Amino acid sequence: MSRRGPQGRQFFPMALVISAVVGAAVFGYAPRADAHPHVWATVRSEIVFSPDHAITGIRHAWTFDEFYTAMAVQGLDADGDGVYSKEELDPLAKVNIDSLEEFDYFTFVRLAGDDSFLPLEPPVDYSVEYDGTVLTLHFTLPLKTPLDPRRKDVSIDVYDPSFFVAFGFAEKVPVKVAGTPPEGCAAAVDKPDPESAEAAKALTEAFFSQLGPNSSYGSQFAQTMHVKCSTQ
Amino acid sequence: MLLLAASASAQTKPPSAFGPPSQQQTAPPSFAGPKTMPPKTVQPTAAPLRAKGPFGSVLSWVAQTQQKMQRQLAGAVKSLKGGNALGAALFLAGLSFAYGVVHAVGPGHGKAIISSYVVANEETVRRGILISFLAAGLQALTAVALVGLLLVALNATGFQVNAWTNQLETVSYAMIALVGLYLLVTELVRLWRRWRGPQDAAHKHAHHYHDHDERDHHHHAAHHHDDGEACNHMVDARDIAGPLSWRKVAAVVVSVGIRPCSGAILVLVFALTQGLFWAGVAATFAMAFGTAITVAVLATLALGSRELMLRLGGGNQRWAEAVWTTCAIGGALVVLMAGLLLFAASLGPARPF
C-alpha cells in the first residue's frame, strides 16, 4: 500500500500528458464520414461564351450512377403510371439545385495563378432527365462577372471536397465550348500530373485539412478543365 | 432452397408493394420529349477517375475499384431477373461480401470507434470480434428496417429515406460521443482516486484489492501472472479500464449500429426498384458480414498492438501502467472526439445528392 501511493501520485500527470499526445496522434486517423464516395457522377461541361467573347458561365450535365438514380427517383412517380413526367421530376431538380448552393455547386473557377475562387450566381435553366436507368442533372451556372480568357487562362475544378460524390469526366467530349469564344481559345480537360508542384501543394493541403470535418480529401480527385487562348 | 423459392416468386409476380419492375423502370418518352427518343438518349461513359499528388495512383486505384464493384453489384442485381437466378444470387452474395470487406476499409462503419473502444477497455480479442459482428449486423438490420418500413410499407420517397438516414446518423454520432465521454470520465475518476489513494481510508483499499484478486482469476489467466503484490499492481492498472460490462458493450453496439450502412441502403433501394427487394436484403447481410470481418480484423490488430506495447516493457510495472492508462485515455479521447466531429458534421446542410 505504502509503495503504491507516491508512484500513483507521479503517475497521474504523466499519464495525462502521454495520453494527450497519443490521443492526438491517433486522432489524425479519426474517421471522416464521407471519405469514400457513395455517389458517382459523370461530368460533361460546356463553357458558355457571350457574343462579346467573354465566359459567362458553365453549363453542366452530371449523369449519376444507377444506385443514386434508384434512390433519387424512388417514389416520385406520384400517379403510378410508370412514367416519370417532367412535373414529377421537377421537384427533384429544384431540391438538388437549391442544396447545391451550400456546396458551392461543387464548381470552383479560378484565374491562372490565382488562389481565390470567382463568385458564381445561382443556377438557371435546370432540369433532370431520366432515361429509365440513370439520371442526369442539367444546369447553367452563371459567373457573377463575365470573364475574358484572353487575358489570363481560366481553370474550372469540379469536385466534392468531402468526396461523398465522386465526380469524373466523361470518356468522350468531357468539355466543349458554347456560344462565341474568342479566336484561338479552346477548352480542354487537365490530365493529373503527379509530379507537378501544384499537385504536391494540393496534397499537402488535403493532408492537413483531413483533420477537420471540412475535409478536402476530395480535392485530390478534382476534375480540372482549362480555357486557354493562344497569344497572337 | 430459400433462394430458389424467392427467385421463383420474383420470376412470377412480386408482391404489389415491391412494384412490378417493368412498370417502374419504363423510360419516360414524354420527358425525353421531342428532342430525342428514349433509345437515343446518350449515357456518357465515365473516364477512369484519377487523383493528383504523390499517392494519386494508389487513391485512383482504390476509387476505381470501388466504382467497378458498385457497377458489378448493379449488374448482379439485374442479372437475377435473367435465366440463371441461383447462379446470379450466389454471385451477388459473393460480390456483396467482397464489397463489404473493401467498403469498410474506408472510414466509417465504426472501425475507429470499435477499435478505440476495445483498446480503451479491457476487452479480449473474442469480445472485439463479437462487438464488430453485432454492430455490423445491427447496421444491416437498421438499413433493412428503414427501407422496408419507409419504401415498402409507407411508399415514401428516396428523399425521405435520406432524411431518416441523416437523422439516425446524427443520433448515432451523439451516442458515440456520449460513450467516449463516459469512458473518459470513468478513467479520469479512477486515476484521480488512485492519485488521492494514500489519503483514503485503508480499509477501502483493502476492499479494492479483494476485488482485483477475484478478477485476476477470471480474466487474466491468460497472462500467467502469479498472485502477489506485483501482479496485483499490474492488475490494478488493467482494472483502470473499467469492469467488463454488457451494458457498455450494448451501448457501443447500438451507437454504431443504429446508423444504417449507406452502401446497404443504396443496394436495397436499387434492388427494390428492380422488384427484387429480397435480393437487396440478402446482399445487405452478405455485405455486413464482410464489413464485420474488416472491422474485427482492425480491432484485433489494435488489441495486438496494445499487447505488444505491454510486452515491450518487459515486466516493468510502471510501463504497463503507462500503457494501460494511455490506451484507456487515448481510446476514450478518440471515441469522444470522433463522435463530436461527426456529430457536428452531420448537422451541416443537406446534401444535394
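Not measured: the values here are computed from a predicted model. (Residues numbered from 1 in each chain as written. Chains lettered and ligands numbered in written order. Predicted model: local features only at pLDDT ≥ 70, side-chain atom pairs only at ≥ 80, totals over all residues.)

S.K.: What exactly am I supposed to notice about the overall build of chain B here?
M.R.: If you tally the helices and strands in chain B, you get 14 helices and 0 strands. Going from N to C terminus, chain B has its helices and strands arranged as α-α-α-α-α-α-α-α-α-α-α-α-α-α. In chain B, which comprises 353 residues, the share counted as buried stands at 44%. (Helix = DSSP H or I, 4+ residues; strand = E, 2+ residues; numbered from the N terminus. Buried ≥ 20, exposed ≤ 12 C-beta atoms within 10 Å, placed from the backbone.)

S.K.: Sorry, what's going on with the overall build of chain A here?
M.R.: Broken down by element type, chain A carries 4 helices and 10 strands. Helices and strands in chain A line up, N terminus first, as α-β-β-α-α-β-β-β-β-β-β-β-α-β.

S.K.: Quick question: what am I supposed to make of helix H2 (residues 66-73) of chain A here?
M.R.: An α-helix turns once per 3.6 residues; consequently, residues spaced three or four apart project the same way. Residue and element names in this part refer to chain A. For H2, the buried fraction is high: 8 of the 8 residues fall into the buried class. Residues of H2 that are buried: Glu66, Phe67, Tyr68, Thr69, Ala70, Met71, Ala72 and Val73. With its phi angle positive at about 80°, glycine 75 sits one or two positions after the end of H2.

S.K.: Is there a simple way to explain the sheet that holds strand S9 (residues 185-189) of chain A in this structure?
M.R.: Within a sheet, neighbouring strands are paired by backbone hydrogen bonds and run either parallel or antiparallel to one another. All names here are of chain A. Strand order in the open sheet formed by 4 strands is S3-S6-S10-S9, with antiparallel pairing between adjacent strands. The open sheet has two edge strands, strand S3 (107-111) and S9, and neither has a second partner. Put simply, the sheet's adjacent strands are angled 15° from each other on average, direction ignored. (Pairing = 2+ DSSP bridges. Axes fitted to C-alpha atoms, helices over the stretch in contact; angles between N-to-C directions.)

S.K.: Would you mind showing me how to read unusual backbone geometry here?
M.R.: Backbone phi values are negative for most residues with the exception of glycine, while trans is the configuration of most peptide bonds. Residue and element names in this part refer to chain A. Of note, the phi angle at aspartate 104 is positive, near 55°, even though the residue is not glycine. Here aspartate 104 lies in the loop between helix H3 (86-100) and S3. The phi dihedral of tyrosine 105 falls on the positive side, at around 60°, and the residue is not glycine. The topology assignment puts tyrosine 105 in the loop between H3 and S3. When the 20 C-beta atoms within 10 Å are taken as the criterion, tyrosine 105 is described as buried.

S.K.: Which parts of the structure should I look at to understand the packing of helix H8 (residues 158-196) of chain B against helix H12 (residues 262-273) of chain B?
M.R.: The axes of two packed helices give the description: the angle between them and the distance between them. Residues and elements named next belong to chain B. Between H8 and H12, whose axes approach to 12 Å, the crossing angle comes to 160°. The angle between the axes of H8 and H12 places the two elements in the roughly antiparallel class. In this structure, H8 crosses over H12, and the sense of that crossing is right-handed. Between H8 and H12, the residues in contact are Gly158, Val161 and Thr165 and Ser262, Ile265 and Val269, respectively. (Parallel < 35°, antiparallel > 145°, perpendicular 65-115°, else oblique. Left-handed = near helix turned anticlockwise from the far one by under 90°. Contact = placed C-beta atoms within 7 Å.)

S.K.: Quick question: what am I supposed to make of the environment of Ala61(A) here?
M.R.: In this structure, Ala61(A) sits in strand S2 (residues 55-64). With sequence-adjacent residues up to four places away left out, Ala61(A) is seen in contact with Arg44(A), Thr136(A) and His138(A).

S.K.: Quick question: what am I supposed to make of the nonpolar core here?
M.R.: Soluble, globular proteins show a tendency: their nonpolar side chains are buried together. One finds Val269(B) and Val335(B) to be the most contacted residues of the largest nonpolar core, which totals 141 residues. In contact with Val269(B), not counting residues within four places along its chain, are Ala70(A), Met71(A), Gln74(A), Val147(B), Leu151(B), Gly158(B) and Val161(B). (Core = buried A, V, L, I, M, F, W, Y, C linked by C-beta atoms within 7 Å.)

S.K.: Which parts of the structure should I look at to understand the confidence of the model for chain B?
M.R.: For any part of a model where pLDDT is low, the fine detail of the predicted coordinates should not be relied upon. Residue and element names in this part refer to chain B. Confidence in the prediction of chain B, expressed as mean pLDDT, is 75, and 73% of residues score 70 or more. Low confidence marks residues 1-40, where pLDDT is under 50. Its contacts with residues over four positions away, or in another chain, come to 56 contacts. Under the prediction, the complex receives an ipTM of 0.71, its pTM being 0.73. (pLDDT = per-residue confidence, 0-100.)

S.K.: Looking at this model, I keep getting lost on the environment of Tyr99(B). Mind explaining?
M.R.: Locating Tyr99(B) in the fold gives a position in helix H5 (residues 85-103). Linking Tyr99(B) and Ala264(B), residues 165 residues apart in sequence, is a C-alpha distance of 10 Å.

S.K.: Can you walk me through the packing of H12(B) against helix H13 (residues 277-312) of chain B in this structure?
M.R.: Residue and element names in this part refer to chain B. Orientation of H12 relative to H13, taken along the N-to-C sense of each, is 160°, at an axis distance of 7 Å. The pairing of H12 with H13 is recorded here as roughly antiparallel in orientation. Read as a crossing pair, H12 and H13 show a hand that is right-handed. Across from Gly263, Ala264, Val267, Leu268, Ala271 and Leu272 in H12, the residues of H13 making contact are Phe277, Ala279, Gly280, Ala283, Thr284 and Met287. Looking at the contact of H12 with H13, its residues break down into 9 nonpolar, 3 polar and no charged. (Nonpolar A, V, L, I, M, F, W, Y, C, P; charged D, E, K, R; others polar.)

S.K.: Even after reading the chapter, I still don't get the pairing of strand S7 (residues 165-169) of chain A, so can you show me in this structure?
M.R.: Moving residue by residue along a regular strand, the side chains alternate between the two faces of the sheet. Residue and element names in this part refer to chain A. Most of S7 is tucked away: 5 of the 5 residues are buried. Residues of S7 alternate between two faces, with Val165, Phe167 and Phe169 on one and Ala166 and Gly168 on the opposite face, all of them buried. Two elements, strand S1 (residues 39-49) and S7, share 5 bridges in a ladder whose sense is parallel. Opposite alanine 41, over in S7, you have phenylalanine 167 as the bridge partner.

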